[in-house]
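Letter by letter, the chains look like this.
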Amino acid sequence: MPSKPLTLKFLDLASILAMVISTYLALVFAPQEVVMGNAQRIFYFHIGTAWVAMLGFILAALGGIIYLITKDLKWDRFELAAVEVSALFFLITICLGAIWARPVWNTWWTWDVRLTTAAVTELVFIAYLMLRQGLEDPEKRARFGAVYTLLGGLSVPVTFMVIRLFRTIHPVVVGSPSAEAQGGFNMDDRMVATFLFALVAFTIVFIDLFWHRVRLGALEEKVEQQKLKASL
């Protein structure tokens, strides 16, 4: 594999620093929420991981569209990297949500509309990773992946919008909830600053991991090509 670019080395360090600062802000700088107490502090990481996961799923769909237009396999690598990193972050989102829910809702899980659509989105993209393993031909695999991520990407705006359209107990902090929504809390200036920094921090981490995964994908493609040549 080619030597690591200087920019990527910088991103590695920036990711660590950003997460250290974000952790300090969430656990120390941000004030304790009046109703939920310290359990609310999970919010900053919960929303940060959710943000980059949904961003990655959308990027995967865009990569799929570009592949269908150009037929360039590098966009398949782009798409796969985005799905893998995003699926990991979204799994963390769901786990953090369960930890947050236990002291607040007195249950680890409830079939609230947001939780249900989030679980469906995660399963859709886990299925993508499993199904493409059954296709050996690179072009067929790339074509399948492009169409799948394009369709699967439709679940992302649905997951984002449901708490703004339907009855839900899931907090709605950004934007307006539905008229029947029961969840929500207000943020003061320190909470807002912590929230915004968490978004930036997790974005940096996402870009860093995504770049590493794309580079690994390029190496995997070279290994696969060598295997194909050896089998001829």
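Check the entry above for the structure.
In this text the structure is predicted, and so the values were computed from the model without any measurement.

Draft legend 1. Spotlight on the overall build of the chain. For the chain, the count of helices and strands is seven helices and zero strands. Secondary structure of the chain in N-to-C order comes out as α-α-α-α-α-α-α. In the chain, which comprises 232 residues, the proportion classed as buried is 43%. Taking contacts inside the chain between residues at least 6 apart in sequence as the whole, the part at least 24 apart equals 72%. As displayed, the chain has an accessible area near 12,600 Å², and 70% of this comes from carbon and sulfur atoms.

Draft legend 2. Layout of the packing of helix α3 (residues 74–105) against helix α5 (residues 138–152). It is the contact of α3 with α5, at a shortest axis distance of 10 Å, that shows an interaxial angle of 50 degrees. Relative to α5, α3 is oriented oblique. Viewed along their axes, α3 and α5 form a crossing whose handedness is left-handed. Here D76, E79 and V83 of α3 lie close against α5, whose contacting residues are R141, A142, G145, A146 and T149. Here the contact of α3 with α5 is composed, by residue class, of three nonpolar, two polar and three charged.

Draft legend 3. Summary view of the nonpolar core. In this structure, Y44, F89, F90, W100 and F206 are the most contacted members of the largest nonpolar core, which totals 35 residues. Elements with a minimum of two residues in this core: α2 (42–70), α3, α4 (113–131) and α7 (189–231). Not counting the four nearest positions on each side in its chain, F90 is found in contact with A53, M54, F57, A118, T121, E122 and T159.

The rules behind each value
- Residues numbered from 1 in each chain as written.
- Predicted model: local features only at pLDDT ≥ 70, side-chain atom pairs only at ≥ 80, totals over all residues.
- Heavy atoms only, no water.
- Helix = DSSP H or I, 4+ residues; strand = E, 2+ residues; numbered from the N terminus.
- Buried < 20%, exposed > 50% of the residue type's maximum accessible area, 1.4 Å probe, protein only.
- Contact = heavy atoms within 4.5 Å.
- Areas by Shrake-Rupley, 256 points an atom, 1.4 Å probe, with all protein chains shown as cover.
- Axes fitted to C-alpha atoms, helices over the stretch in contact; angles between N-to-C directions.
- Parallel < 35°, antiparallel > 145°, perpendicular 65-115°, else oblique.
- Left-handed = near helix turned anticlockwise from the far one by under 90°.
- Nonpolar A, V, L, I, M, F, W, Y, C, P; charged D, E, K, R; others polar.
- Core = buried A, V, L, I, M, F, W, Y, C linked by side-chain atoms within 4.5 Å.

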